[in-house]
Amino acid sequence: MEVTELQAAHFCFESYNSSCIKEVRSTAVYVVMYISAVAVVVLTVCGNLVVIISISHFKQLHTPTNFLLLSLAVADFLVGLTVMPFRLAVLIETCWYFGETLCLLYNLFCAVLTLVSIYNVVCIAIDRYFAVCDALQYSNKITVNIAWSMISLNWFLSLIYILALVYFNGNFSNSQNLFTCFGECSVSIDETSAAVDLLIVFFVPSSIMITLNLKIFAVARRHAKVISAVTDQTISMNESKTSTKLSKKSGTKAAKTLGIVVVVFQLCLSPYYTFTLIYPNVNLSSSTVVINFLVWLIFFNSSLNPIIYALFYPWFQKSVKLIVTLRICKSASSLINLFPENV
């Protein structure tokens, strides 16, 4: 029985005795999977490219908060450009066909960009905290220069940390750490490094994001109650009440949108690390579908952020129209007002 199953199995590399087993699907399934993969990659790359062009081009968007969003968009754009195609190819083909060098580069890009994205979202949560909880001092504490310093430090430390993690676990010197069988691509990390990595990549940033969001929620509710009470006591005319409500709504919309970005990111990130925490010694070969789905959920967050901006940011919707119609190529287009309600 075992011999029959082995003979019926398909391998990534038929000429190697230690080749990984390849999962074979029907032609129709392959076509659907590849079309879906291309659609996701195009959405991720184009969506984040629009965010990058918008914030970089329009001077009205040159704020500390938007520069943090720009950094997140750059990381998401690079995920779509350098990580997603390989990840999707492995997900569809169930084999790694791109060699040792690209395997190592793929894992480095994947780890660095994931870490950069995580701490970008942490920086956004910190920015929201000061904007809501210390609004009077916000412009003094979070300036453009401080935002750029946070961004630069985030990218630099993420790169150094991942390089050190991979190097000290022997992945540069021993290529066998990347392959347990021909057709697989992974990195080797010992238990101590894995524990430290779980702390840095998951527990610390998650604790910061959850704590700050709870404080923001509490302060926002308290402010809303105070404003409503004052409004009810001092405003009697219906028109004035309406304009005040609109003002309050527009003032909190940006903070709510950033809150959605943070929450969605947390929802995409937590399942994978929770699974690896609950099942640290799980046999990955027996749970390939689960692991692939949870890893893909992290990457899919890079596709979701532009959709969130499109749904909740009027400036994003207008900038898309200006980019698609090539109006940004005209002189002085960087000075176009993306917030006409402020005129």
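Bear in mind the structure is a predicted one, so any value in this text is a computation, not a measurement.

Student: How would you summarise the packing of helix α3 (residues 64-93) against helix α6 (residues 144-168) if you had to cite specific residues and measurements?
Tutor: As a packed pair, α3 and α6 sit with axes 8 Å apart at the nearest point and diverge in direction by 25°. With respect to α6, the axis of α3 lies roughly parallel. Of the two elements, α3 crosses α6, and the hand of that crossing is right-handed. Mapping the contact onto sequence places P64, F67, L68, L70, S71, V74, A75 and L78 in α3 and V144, A147, W148, I151 and W155 in α6.

Student: So what about α3? Which residues, and what values?
Tutor: In this model α3 runs 42 Å from its N-terminal to its C-terminal C-alpha over 30 residues, within 8% of the 44 Å that 1.5 Å per residue would give. Helix geometry: α3 is bent most strongly at V83, by close to 45°, with proline P85 lying one to four residues after it. Positive phi appears at T94, one or two residues downstream of α3, with a value of about 60°.

Student: Please give an account of a nonpolar patch on the surface that cites residues and values.
Tutor: Taken together, Y97, F98, L102, L105 and F109 make up a surface patch of nonpolar side chains, about 420 Å² in accessible area. In this fold, L105 is placed in helix α4 (residues 99-133). You can call L105 partly exposed: its relative accessible area is 38%.

Student: Before we move on, can you summarise the state of the cysteines with the specific residues and values?
Tutor: As enumerated under the stated definition, the model contains two disulfides in all. Between the sulfur atoms of C103 and its disulfide partner C185 the distance amounts to 2.0 Å. Between C103 and C185, the disulfide has an S-S torsion of 100° and is therefore right-handed. Of this pair, C103 sits in helix α4 while C185 sits in the loop between α6 and α7 (191-234); the two residues are 82 residues apart in sequence, bridging distant segments of the chain. Grouping residues by exposure puts C103 and C185 together as buried. Just so you know, C110 is unpaired, no disulfide at all, and the nearest cysteine sulfur is the one on C185, 9.5 Å from it.

Conventions adopted
Residues numbered from 1 in each chain as written. Predicted model: local features only at pLDDT ≥ 70, side-chain atom pairs only at ≥ 80, totals over all residues. Heavy atoms only, no water. Axes fitted to C-alpha atoms, helices over the stretch in contact; angles between N-to-C directions. Helix = DSSP H or I, 4+ residues; strand = E, 2+ residues; numbered from the N terminus. Parallel < 35°, antiparallel > 145°, perpendicular 65-115°, else oblique. Left-handed = near helix turned anticlockwise from the far one by under 90°. Contact = heavy atoms within 4.5 Å. Expected span 1.5 Å × (residues − 1). Bend = angle between axes of the 7 residues up to and from the residue. Patch = residues over 30% accessible without salt bridge, like charges linked within 9 Å, V, L, I, M, F, W, Y side chains within 5 Å. Areas by Shrake-Rupley, 256 points an atom, 1.4 Å probe, with all protein chains shown as cover. Salt bridge = Lys/Arg side-chain N within 4 Å of Asp/Glu carboxyl O. Buried < 20%, exposed > 50% of the residue type's maximum accessible area, 1.4 Å probe, protein only. Disulfide = S-S within 2.5 Å.

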